[in-house]
Amino acid sequence: MKTLLIHALLYAFALILLPTASLATQPTSIAITAVLVTVNPENAPQNTPRTITVKTSGAFFCLPLFGVMNSTAVDDANVLTITFPNFAPGFVFPTPPAVAVCPAIVASVEQSFQFTPTKAGVIKVRALQTNGPISGQASILTSPKGETRGFADVSGMYYDNSTNGSGLALHHNAQGTTSGLFGTWFAYDTEGKPRWLTIQETRWETTDILVGNLYETKANANQCSPNSPLCIARFSSIQKVGTVRINFFILRPLDDVIRPTEVKAIGLDGATMFSSSVYRLPL
Amino acid sequence: MKMQTAQVLTRNHFGVIARSIAALILSTVALSSAAQNNAPLPFTPAISTEPTNAPQNTPRVITVQGQWPNGCPPSSGTMTTDLAESDYLITIALIIPQTLLPCTQAITSYTVKFNYTPQALGVIRVMVKAIGDGVGSIPGGAGTISTSLLGQNRGIADVSGMWYDPNTNGSGVSIIHNYQGVSSGLFAAWFAYDSSGNPRWLTIQEGKWEANNFIIGNLYETKAAPNQCNASMPLCVARYLSLVKIGTARLSFTGIGPNAGTPPQATIEGFDLNGSSLLRSSVLRMPL
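Residues numbered from 1 in each chain as written. Chains lettered and ligands numbered in written order. Predicted model: local features only at pLDDT ≥ 70, side-chain atom pairs only at ≥ 80, totals over all residues. Heavy atoms only, no water.

**Q** Teacher, can you tell me more about the packing of aromatic side chains here?
**A** Note on aromatic pairs: each is described by the distance of the centres and the angle between the planes. In this structure the tally under the stated criterion is 11 aromatic pairs over all chains. Plain terms: the ring middles of Trp185(A) and Phe274(A) are 4.8 Å apart, the flat faces sit at 70 degrees to each other, and that makes the pair edge-to-face. In this pair, Trp185(A) sits in strand β13 (residues 181-189) while Phe274(A) sits in strand β19 (residues 272-280), placing the two residues 89 residues apart along the sequence. Its relative accessible area of 1% is what places Trp185(A) among the buried residues. Through a chain of ring-to-ring contacts, three or more aromatic side chains come together here, namely Phe186(A), Tyr188(A), Trp196(A), Phe191(B), Tyr193(B) and Trp201(B). (Phe/Tyr/Trp six-rings, centres within 6.5 Å; stacked < 30°, edge-to-face > 60°. Helix = DSSP H or I, 4+ residues; strand = E, 2+ residues; numbered from the N terminus. Buried < 20%, exposed > 50% of the residue type's maximum accessible area, 1.4 Å probe, protein only.)

Below is the structure:
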């Protein structure tokens, strides 16, 4: 009887005190049905306060209720981490192995965090459990004041199947400060010979539309060796032949509609020189 | 007598309980205090995979090592995979140990190894963090595991970009590399000039990685039918009329991949169908 009393008292006391220690030695993840991370505003100039909202859906009594964001801990890969504990407190039995009892009541919990990016670029926000995998993520896009930037990385080869053999190669520094882009457009001359133009000094007019200047470069004649019809040479002239306007109809992560990218070359007189509806080439 | 015995037992009993409670409280406080003392500064682990690149179902050893800011480095961790994510990700959480004694301030080496066998082709990103009571989650670093088809190589790093030689500015190579993809495929366009000084381009297609920094592909020239352009415009977008393989191209890279140490450079060489050199350029990646 007395032994039972002692054990009962110690067990009751342990129930109150031990969950933390038990958790530390028995890291366990819980199943969460959905985590949605949103940022508002998603794309804004430097020093604009953002609200990051993490909405978690799953079994209510097992949802991680209180996340922690260390706003100074944006790591080298520009990732901002919001960490949630593995369990809501009070639902852990200390008997080994540690287990959580999760009543099957589906509900959702929402928690907001404030963050103000001070540098231009892209920061990825990741919500994760202390010992678990990444549960949800979003991006914070920051432009220099007065400018905007593309929503997504648009790097790739683009072509229209009906004019296969022409196309564009775009290199986009999507993560960088400027969201800069350098492009080349492959076309043909009146003899049917392959010619190229470059797209430079680009600027994002909106998050979907990029404008830039279109240049043609030429080299001095007779630089190639007799056995090679082509040669690598320094340009002797670079001439602006017009501007380019590219509407990407950017694919948001949740969009399931693929739309072509509209590319238009506009001459110095403002008239359309040529245009193309292109898709990104899968590699 | 029975009563006295009972009283004595009760006193002893309470003494045991009191001592047990005191011990529990002290150990809990000590545990918590020690855990807080062990809160480390940000850490930067070196993450390597052996073998770095291998076929599917080849067991890999992921090694996380470095210098821990105090005398209580992690000696274990958990690994979770989230391959449904677009990032194709493995998360490693090093567990900061709880100790009953305060940690020394001595910087201490640590090495923790994990085993993983990739089943799918492509590149998996490995993220490392450290976790512990009272310190939350501390970001560490990232590495990669790359998996190719049996007997095939893949690029050790993403070589996408505009590459050019400052001495021949105005020529260059545009490389689009599906580094993370199943095939590690590469498509490149080489911008050059003809003997009249007009800009011409060639494409490099069907590339095959001979080593993780060396790829060989076919070199093509495309032409379109003449007189397709508008009279007011000397250039136009048109469908190709002919696609002629004029030779092969070899692209070799240095300064790429983990711990490269030097800036990325590449040598691009074009050979005709007889193996004679057509074009050659040593290029740097253009910063955007």
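That shown, we press on.
**Q** Just to check I follow, could you spell out the sheet that holds strand β6 (residues 108-116) of chain B for this structure?
**A** What links the strands of a sheet is backbone hydrogen bonding, and the strands pair in either a parallel or an antiparallel sense. Residues and elements named next belong to chain B. Spatially, the three strands line up as an open sheet ordered β1-β3-β6, and their pairing is antiparallel. A single partner strand is all that each edge strand has here, and the edge strands are β1 (46-50) and β6. Averaged over all adjacent pairs, the angle separating strand axes in this sheet is 20 degrees, with direction ignored. Bridge count for β1 against strand β3 (residues 60-68) is five bridges, and the pairing is antiparallel. Across the sheet, residue Ile 47 finds its bridge partner in β3, namely Val 64. (Pairing = 2+ DSSP bridges. Axes fitted to C-alpha atoms, helices over the stretch in contact; angles between N-to-C directions.)

**Q** Just checking my understanding: could you explain the pattern of salt bridges for this structure?
**A** Close approach of charged atoms allows side chains of opposite charge to pair. All told, the structure shown has eight salt bridges over all chains when counted by the stated rule. Between Glu269(B) and Arg280(B) there is a salt bridge; the shortest N-O distance is 3.5 Å. Of this pair, Glu269(B) sits in strand β16 (residues 265-272) while Arg280(B) sits in strand β17 (residues 277-285), and the two are 11 residues apart along the sequence. Connected via shared salt-bridge partners are Asp189(A), Arg195(A), Glu216(A), Asp194(B) and Arg200(B). (Salt bridge = Lys/Arg side-chain N within 4 Å of Asp/Glu carboxyl O.)

**Q** Just to check I follow, could you spell out unusual backbone geometry for this structure?
**A** In terms of backbone geometry, most residues other than glycine have negative phi values and most peptide bonds are trans. Omega for the bond connecting Asn40(A) with Pro41(A) falls within 30 degrees of zero, at -10 degrees, which places this linkage in the cis form. Even without glycine at this site, Glu206(B) takes up a positive phi of about 55 degrees. Among the structural elements, Glu206(B) can be located in strand β12 (residues 199-211). A positive phi angle is found at Asn227(B), which is not glycine, with a value near 55 degrees. Here Asn227(B) is to be found in the loop between β13 (214-224) and β14 (235-236). Among the residues examined, Asn227(B) registers a relative accessible area of 67% and is labelled exposed.

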